[in-house]
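# Examination of the molecular architecture
Listed below are the residues making up each chain.
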Amino acid sequence: DAWRLTSPHFQASTKKDDFIDKMETIRRVFGKSVSRQLLNKKISYGKLADDPSMENRIVTQFLSSCENAPKTIETIILSQEKDGQWLVSNYNIR
């Protein structure tokens, strides 16, 4: 499930039930994803002033099309964990 792919930092700040509710609401409002095109990708290495708990991260933005919203922007932030695995630490769609 998607929860397994989120970072410990994300899981500490968001309850699993709240995450599931949010994802279900997003799906209900926007509908199923139809297409996704990469708009921007920024890689940051080292500790960040705005969140020193996260060292390396990738911020990606996609131009997405959904059933109920033909033009949306999805932002997905991945953080690199101590074991080297990249996990989702934030997600937003507008």
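Preceding block: the structure.
Residues numbered from 1 in each chain as written. Predicted model: local features only at pLDDT ≥ 70, side-chain atom pairs only at ≥ 80, totals over all residues. Heavy atoms only, no water.

### Describing the pattern of salt bridges
Close approach of charged atoms lets side chains of opposite charge pair. Counted under the stated rule, the structure contains three salt bridges. With a shortest N-O distance of 3.9 Å, Arg4 and Asp1 are connected by a salt bridge. Residues Arg4 and Asp1 agree in their burial class; the two are exposed. Taking the shortest distance from any N to any O, the salt bridge between Arg36 and Glu74 comes out at 2.7 Å. Linking Arg36 in strand S1 (residues 33-44) with Glu74 in strand S3 (residues 69-80), this pair joins segments that are 38 residues apart in sequence. For Arg36, a relative accessible area of 46% corresponds to the partly exposed category. One continuous salt-bridge network, built from bridges that share partners, spans Asp1, Arg4 and Lys16. (Salt bridge = Lys/Arg side-chain N within 4 Å of Asp/Glu carboxyl O. Buried < 20%, exposed > 50% of the residue type's maximum accessible area, 1.4 Å probe, protein only. Helix = DSSP H or I, 4+ residues; strand = E, 2+ residues; numbered from the N terminus.)

### Re the sheet that holds S1
The four strands lie next to each other as S1-S2-S3-S4, forming an open sheet whose pairing is antiparallel. In this open sheet, the two edge strands, each paired with only one partner strand, are S1 and strand S4 (86-93). Pairwise comparison of adjacent strand axes, ignoring direction, gives a mean angle of 25° for this sheet. Strand contacts of helix H2 (residues 16-30): strand S2 (57-66), S3 and S4, with the helix running at about 45° to S4, the strand carrying the most contacts. (Pairing = 2+ DSSP bridges. Axes fitted to C-alpha atoms, helices over the stretch in contact; angles between N-to-C directions. Contact = heavy atoms within 4.5 Å.)

### Here we look at the pairing of S4
When a strand is regular, its side chains alternate between the sheet's two faces. As judged from the seven bridges shared by S3 and S4, these two strands associate in the antiparallel manner. Looking across to S4, one finds that Thr75 is bridged to Asn92. Taking the residues between adjacent antiparallel strands as the criterion, S3 and S4 are bridged by five residues, where Gly84 takes a positive phi near 90°.

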